[in-house]
Amino acid sequence: MPKAKKPKYHAGTATIIGLPNAGKSTLLNAIVGEKLAIVTAKAQTTRTALNGVWTGENTQIVFVDTPGLHKSDTVINRRMMQAVRAALDAIDVIVFVVDATKPISEEINQAIDLVKKPGTPVILVLNKIDQIHEKAKLFGIIEQFQALHPFDAYVPVSAKKGDGIEELRKAIAAHLPVAEALYPDDHLTDVPSRFLAAEMIRERILILSRQEVPHSVAVLVDEWEDKPAVIRIAATIYVERAGQKSIIVGAGGAMIKQIGTAARVEMEKFFDKKIFLELFVKVKPDWRNQPEFLNELDWRRMVNDRDA
Ligand SMILES: Nc1nc2c(ncn2[C@@H]2O[C@H](COP(=O)(O)OP(=O)(O)OP(=O)(O)O)[C@@H](O)[C@H]2O)c(=O)[nH]1
Ligand SMILES: [Mg+2]
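Residues numbered from 1 in each chain as written. Chains lettered and ligands numbered in written order. Predicted model: local features only at pLDDT ≥ 70, side-chain atom pairs only at ≥ 80, totals over all residues. Heavy atoms only, no water.

**Comments concerning the nonpolar core**
Of all hydrophobic cores here, the largest spans 96 residues; its most connected members are Leu 27, Phe 96, Ile 172, Ile 201, Ile 237, Ile 248 and Met 267. The residues that make up this core include at least three from each of domain 1 (10-173) and domain 2 (193-301). Those residues in contact with Ile 172 that sit more than four places away from it in its chain are Ala 14, Ile 61, Phe 63, Val 93, Val 95 and Ile 123. (Core = buried A, V, L, I, M, F, W, Y, C linked by side-chain atoms within 4.5 Å. Buried < 20%, exposed > 50% of the residue type's maximum accessible area, 1.4 Å probe, protein only. Domains from an automatic or database assignment. Contact = heavy atoms within 4.5 Å.)

**Re the coordination of the magnesium ion (ligand 2)**
Binding of the magnesium ion (ligand 2) to the protein goes through Ser 25 (OG) and Thr 46 (OG1), at separations of 2.0 to 2.1 Å. Of this pair, Ser 25 sits in helix α1 (residues 24-32) while Thr 46 sits in the loop between α1 and β2 (50-55), and the two are 21 residues apart along the sequence. You'll find Ser 25 and Thr 46 in the same group, each marked buried. (Donors = N, O, S within 2.8 Å, 3.2 Å for Na, K, Ca; no water. Helix = DSSP H or I, 4+ residues; strand = E, 2+ residues; numbered from the N terminus.)

**Concerning the sheet that holds β2**
If you trace the six strands from one edge of the open sheet to the other, you get β2-β3-β1-β4-β5-β6, paired in mixed fashion. In the strand order of this sheet, the two ends are held by β2 and β6 (153-156), each with one partner. Across the sheet, the axes of successive neighbouring strands diverge by a mean angle of 25 degrees, strand direction being ignored. Note: strand β4 (residues 93-99) against strand β5 (residues 122-127), six bridges, orientation parallel. By the bridge assignment for β5, Asp 99 is matched with Asn 127. (Pairing = 2+ DSSP bridges. Axes fitted to C-alpha atoms, helices over the stretch in contact; angles between N-to-C directions.)

**Some details on the domain arrangement of the protein chain**
Looking at the assigned domains, one finds that the protein chain contains domain 1 (10-173) and domain 2 (193-301). The gap between the C-alpha centroids of domain 1 and domain 2 is 27 Å. Facing the 18 residues of domain 1 at the interface are 25 residues of domain 2. At the boundary of domain 1 with domain 2, total buried surface from both sides reaches about 1900 Å², with 55% on carbon and sulfur atoms. In terms of surface lost to domain 2, no three residues of domain 1 exceed Ile 38, Lys 42 and Arg 47, which account for 32% of the buried area on that side. Here domain 1 and domain 2 share two salt bridges between them. We note a salt bridge from Lys 35 to Glu 266, for which the minimum N-O separation is 3.8 Å. (Buried area = accessible area lost by both parts, 1.4 Å probe. Salt bridge = Lys/Arg side-chain N within 4 Å of Asp/Glu carboxyl O.)

Written as structure tokens, this is what we have:
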């Protein structure tokens, strides 16, 4: 009997691009099946590119989540947009995510210009379809996008509900080269644990704090001690003004306690271990314009404690 031919292995990188709030980070989490990237209702939640690996039977896709496309003013915003441009280099597929419930705006047109990269296929993901009750409307929306650019595939999804995710993986796999896996099949991300933990704290702050705080907050893990029964973490929350520090600490320390408890619960779920978390708050005026501090926040410069 002739030997059954082994199916070819496909592997490559897919970068997720889109406007703020389109649901890029939610999509990354849905695809890899782990809550890697933080998600909030506030725009500009994601500040740096981060990857998540999905490994199927004959396919491995390295997804890269990126900050939402927006106009830059501060040094941090310029860095966020540099991160997007860098994440578009040397990749196999662009996953362009739009909020399908919103009309096509000038910003969307500009984003389309950015994703038109000769030689790189672009898949249009129409997200948040759980909010579109008349499904027939989707055809009209797809037609509008088709008129702007002939995308290589159109995939409606609800990243939040997990609908359409399998179809999206298939659409991406169809554009990946035949290649060996880039990572072992249980590899989830290159992002170090201490960065993920800092992000979990930042997420809780964005969710719990008022409008004026979010963009002014940065979090750094200062100490990380992985003991047999517990991970001991000390982290500092940086804000720009004394008034913001008062908001984060709250009356009698109530707010910081709430942030700490909520972040600890998230961390215990993710790291599957008991967490002891200590939080400090410091004022660092204008940190968003300080290149050296921004370097400290960059996960690529941190040691990976999980592997250390
Ligand atoms: N209804 C609905 N809401 C969604 C869906 N996907 C994401 N959202 C919500 O949209 C908001 C933004 O989601 P994110 O994943 O943080 O969006 P993002 O594109 O990563 O945003 P930035 O990091 O700021 O660029 C959050 O409130 C999500 O819960 C979806 O499929 N349906
Ligand atoms: Mg995001």
